[in-house]
Amino acid sequence: MILVTRILLAGLLASLLSVAQAAGLTIEITKGSQTAVPIAIVPFAQQGTVGNVKISDVVSSDLGGSGFFKTLAEEDMLTKPSEPERVNFKDWQVLGQDYMVIGQVVGNGGSFNIQFHLFNVHNGQLLMGYRLTAGANELRRAAHHISDLIYEKLTGRKGAFNTRIAYVTSSSRGGAKQYMLQVADADGFNPRTIAESPEPLMAPAWSPDGSKIAYVSFHTKRSEIYVQTLATGQRESVSSYHGINGAPAFSPDGSRLAITLSKDGSPDIYVLNLANKGLTRLTNSLAIDTEPSWSPDGSSIVFTSDQGGKPQLYLIPVSGGKATRLTFQGDYNARGRFSADGRSLAMVTGNGGSYKIAVMDMASRTVNVLTDGNLDESPSFAPNGSMVLFAANKGGRSVLSAVSTDGAMQQKLAFESGEVREPAWAP
Amino acid sequence: MKFNKTCLALAMTAVFLTTGCSSTDEQDAGLADASQGTDASTSGLSDGSMSGSQFGSGSGMSSGSHLGPEFSDPNNPLSKQTIYFELDSSQVKQEYVPVVAAHASYLASHPNQHVILAGHADERGSSEYNIALGEQRAKSVERMMKSQGVTAAQLEIVSYGEEKPAVSGSGESAWQQNRRVEVGYQ
């Protein structure tokens, strides 16, 4: 029998990052996939110092939430082996599992050695074996890394568990509203506030390298576009024209922002050069033109326009020229966002007063509606294209939801209080 | 079957031991992977030092505190400072024409008085499109006021789209109250 195994040593540097757990955050899978692959994540054995994160729980939640896997509940496991030689594959075959993961965590003061093995339950083949080291504050990151490795091994696609999201929360404190722009891990943990204002903050957009966020602030009681560097907190006002300054979107090379301005009349799409603040006007209509988003190759921009009477999506070359209409079904198609490979376009689609998230296949131009909400908005693709994050309304409250791009699986990220809107998945 | 399993376990232990100490190739692959992990940690570090910042509140002028008693007389159209709109429409409804006219006439006779026309939309549809819709509503009111002698210098427009609902919650009654232009005396 030939076993191909890779035992890799991945050292994650200890950081001073303080782990702020998401207070009151719940992740709820609201729609499970029928075709999900069964996988058992056996609780990892623990030796030595105990960390504040259960690695196997995070991996289980990541994989279960991806829509591709159905994880086995701990109470249904007949045994909980942590070493390869202790695994009796028959126990897992009878439970209908296809794959299983076992592991150990050895705590040694401030650092943790994590080891895990992934098996095919049907033939007992070891598919993957890894060892990694993580600091006490990096256990969630290490767990997401493990999820990425397993996901890529079994699906052939890169995982997106170690990524971040940005979103805007609003809450009332003693009658006064407070808006916060926050950045968190993709599963909602470790939220950090990067801007806070009593006036609205909106439309966060990531730079392609993930180091900056552009957003709109109304703190002067007018709209203004800022670009903020995450590492330093330093922010720069890049657009404060008369009228609307809105809907910023970074070009794929990070040098320009597509924005909406109404300084010359009705809202139109402009391209702002971030180095010299030079403006190029891209659309010139009496209609509303807004919500620009770049194609990943940087050659064209998709935007919402009501030049035909109702809002629909159009595509225009960045070099200028005529816009081509992309959407024809339904009376409302807005806020297009490309997947990283440019093959799909997520949008808000409205019919009869109900707004849902849909994805257009760019090659065939067919549109697939993914969600069944009434007030779904702000779609944003995961960097690997596997899921679309969006804002939904549940019981009169805005929450974040994610749906797999085949629509089979949906999960909800709910915060304890306040509204959460305008999500943007980091590249 | 049973034999196979034992065999598997033994083989694995063997691989484990050898790769664990001597397989430099795989160690290298591991290091490459590790450096990826380090990148992630580095960006994590920058997250850690990510400084949030508080925007101060705006100019904070209280609206209308210096206005005359006609603004608080419920029988005077000047007491109405909110103009409501139909779904997806920026046309001033007939019932609000006298309200806009009353404010226009007051402003025309008080040329030093400024107002901010704040346009709003209900929560349905996408937020940036709603910003545009709110601006169109404010511009409709602005046009009517200008046609009645109010100067451009007296008027300022801002649109908050669906970001500042007057009434929270969903449903037609909330939406009706949120599709509006507020006339704010400065």
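Residues numbered from 1 in each chain as written. Chains lettered and ligands numbered in written order. Predicted model: local features only at pLDDT ≥ 70, side-chain atom pairs only at ≥ 80, totals over all residues.

> Which parts of the structure should I look at to understand the overall build of chain A?
Counting its regular elements, chain A contains three helices and 32 strands. Relative to a compact globule of 427 residues, whose C-alpha radius of gyration would be 22 Å, chain A shows 23 Å and is just as compact. For chain A, the spread of C-alpha atoms along the three principal axes comes to 70 × 45 × 40 Å. Looking at chain A residue by residue over its 427 residues, the buried ones come to 54%. Pairs at least 24 residues apart make up 47% of the contacts formed inside chain A by residues separated by at least 6 positions. (Helix = DSSP H or I, 4+ residues; strand = E, 2+ residues; numbered from the N terminus. Rg over C-alpha atoms; globule rule 2.2 N^0.38 Å. Buried ≥ 20, exposed ≤ 12 C-beta atoms within 10 Å, placed from the backbone. Contact = placed C-beta atoms within 7 Å.)

> Looking at this model, I keep getting lost on the sheet that holds strand β15 (residues 235-239) of chain A. Mind explaining?
Across a sheet, paired strands are connected by hydrogen bonds in the backbone, their directions being either parallel or antiparallel. Residue and element names in this part refer to chain A. Overall, antiparallel pairing links the four strands, which are arranged β12-β13-β14-β15 in an open sheet. The sheet terminates laterally at β12 (201-206) and β15, the two strands that pair on one side only. Each strand of the sheet is rotated relative to its neighbour by a mean of 25°, with strand direction disregarded. Of the pairings in the sheet, the one linking strand β13 (residues 212-217) to strand β14 (residues 224-229) comprises six bridges and is antiparallel in character. Counterpart to S217 in the pairing with β14 is E224. (Pairing = 2+ DSSP bridges. Axes fitted to C-alpha atoms, helices over the stretch in contact; angles between N-to-C directions.)

> What should I look at first to understand the sheet that holds strand β10 (residues 176-185) of chain A in this one?
Read across the open sheet, the five strands follow the order β32(A)-β9(A)-β10(A)-β11(A)-β1(B); overall the sheet is mixed. At either end of the open sheet lies a strand with only one pairing partner, and these are β32 (419-425) of chain A together with β1 (53-54) of chain B. Pairing between strand β9 (residues 164-173) of chain A and β32 of chain A: five bridges, direction antiparallel. Following the sheet pairing, S170 of chain A is matched in β32 of chain A by E419 of chain A.

> Where do I start with the domain arrangement of chain A in this structure?
A common measure of how large an interface is: the accessible area buried when the components associate. Taken as a whole, chain A is organised into domain 1 (7-13 + 23-155) and domain 2 (164-425). Its C-alpha centre places domain 1 of chain A at a distance of 34 Å from the equivalent point of domain 2 of chain A. (Domains from an automatic or database assignment.)

> For this particular structure, what's the right way to read the nonpolar core?
Where a protein is soluble and globular, its nonpolar side chains tend to be buried together. Core analysis: the biggest nonpolar cluster contains 85 residues, and I165, A166, A214, Y215, V388 and L389 of chain A have the highest contact counts within it. Per-element tally for this core: the top contributor is strand β29 (residues 387-394) of chain A, with six residues. (Core = buried A, V, L, I, M, F, W, Y, C linked by C-beta atoms within 7 Å.)

> Explanation requested: helix α3 (residues 97-109) of chain B in the structure shown.
Given 3.6 residues per turn, any residue in an α-helix points the same way as the ones three and four places further on. All names here are of chain B. With 13 residues, α3 should reach 18 Å at 1.5 Å per residue; the first-to-last C-alpha distance of 18 Å fits that figure. Every buried residue belonging to α3 is among V99, V100, H103, A104, Y106 and L107, and all of these are buried. The buried residues of α3 occupy an angular sector of 165° when the element is viewed end-on, so they sit on one face. Relative to its buried face, α3 has exposed residues pointing more than 90 degrees away, namely P98 and S109. Residues of α3 that are buried in the fold lie against β2 (82-84), β3 (115-120), α4 (127-147) and β5 (180-185). (Expected span 1.5 Å × (residues − 1). Arc of directions from axis to C-beta.)

> For this particular structure, what's the right way to read the pairing of strand β3 (residues 37-41) of chain A?
Regular strands place their side chains on alternate faces of the sheet. Strand direction decides the pairing type here: β3 of chain A and strand β5 (residues 69-71) of chain A, joined by three bridges, are parallel. Residue pairing in the sheet places I39 of chain A in a bridge with T71 of chain A of β5 of chain A.

> How do you make sense of unusual backbone geometry when you look at a structure like this?
Glycine aside, negative phi is the norm for most residues, and most peptide bonds take the trans geometry. All names here are of chain A. One non-glycine residue, A247, lies in positive phi territory at about 50°. Within the element layout of this structure, A247 appears in strand β16 (residues 245-250). On the neighbour-count criterion, A247 (31 C-beta atoms within 10 Å) is buried. The backbone phi angle of K277 is positive, close to 65°, even though this residue is not glycine. Among the secondary structure elements, K277 is positioned in the loop between β18 (268-273) and β19 (279-281). Assessed through the 9 C-beta atoms surrounding it within 10 Å, K277 is described here as exposed.

> Just checking my understanding: could you explain the pairing of β18 of chain A for this structure?
All names here are of chain A. With five of its six residues buried, β18 lies for the most part within the structure. Count of turn residues in the strand β17 (residues 256-261)/β18 antiparallel hairpin: six residues, of which G265 carries a positive phi of about 130°. Sheet topology places β18 next to β19; three bridges connect them, and they run antiparallel. Across the sheet, residue V271 finds its bridge partner in β19, namely T280. What sits between β18 and β19 in their antiparallel hairpin is a turn of five residues, with K277 showing a positive phi close to 65°.

> How should I be thinking about the confidence of the model for chain A in this particular structure?
Per-residue pLDDT for chain A has a mean of 90; in total, 92% of the residues score no lower than 70. A low-confidence stretch, residues 1-23 of chain A (pLDDT under 50), is modelled with 80 contacts involving residues beyond four sequence positions or located in other chains. (pLDDT = per-residue confidence, 0-100.)

> Explain the confidence of the model for chain B here, please?
As a general rule, the predicted coordinates of low-pLDDT regions are not to be interpreted in detail. Residue and element names in this part refer to chain B. Across chain B, the average pLDDT comes to 75, with 67% of residues at or above 70. Note that residues 1-49 has pLDDT below 50 and, in this model, 62 contacts with residues that lie over four places away or in other chains. The low-confidence segment residues 58-62, where pLDDT is below 50, has six contacts with residues more than four positions distant or belonging to other chains. The ipTM value of the predicted complex is 0.87, and its pTM value is 0.84.

> Quick question: what am I supposed to make of the packing of α3 of chain B against α4 of chain B here?
To characterise two packed helices, one gives the angle between the axes of the helices and the distance between these axes. Residues and elements named next belong to chain B. Between α3 and α4, the least distance of the axes is 9 Å, while the angle of their chain directions is 50°. Considering the angle they form, α3 stands oblique to α4. Crossing geometry of α3 relative to α4 is assigned as right-handed. Side by side, α3 and α4 meet where V100, H103, A104 and L107 of the first sit next to V141, M144 and M145 of the second. Residue composition of the contact of α3 with α4, grouped by class: six nonpolar, one polar and no charged. (Parallel < 35°, antiparallel > 145°, perpendicular 65-115°, else oblique. Left-handed = near helix turned anticlockwise from the far one by under 90°. Nonpolar A, V, L, I, M, F, W, Y, C, P; charged D, E, K, R; others polar.)

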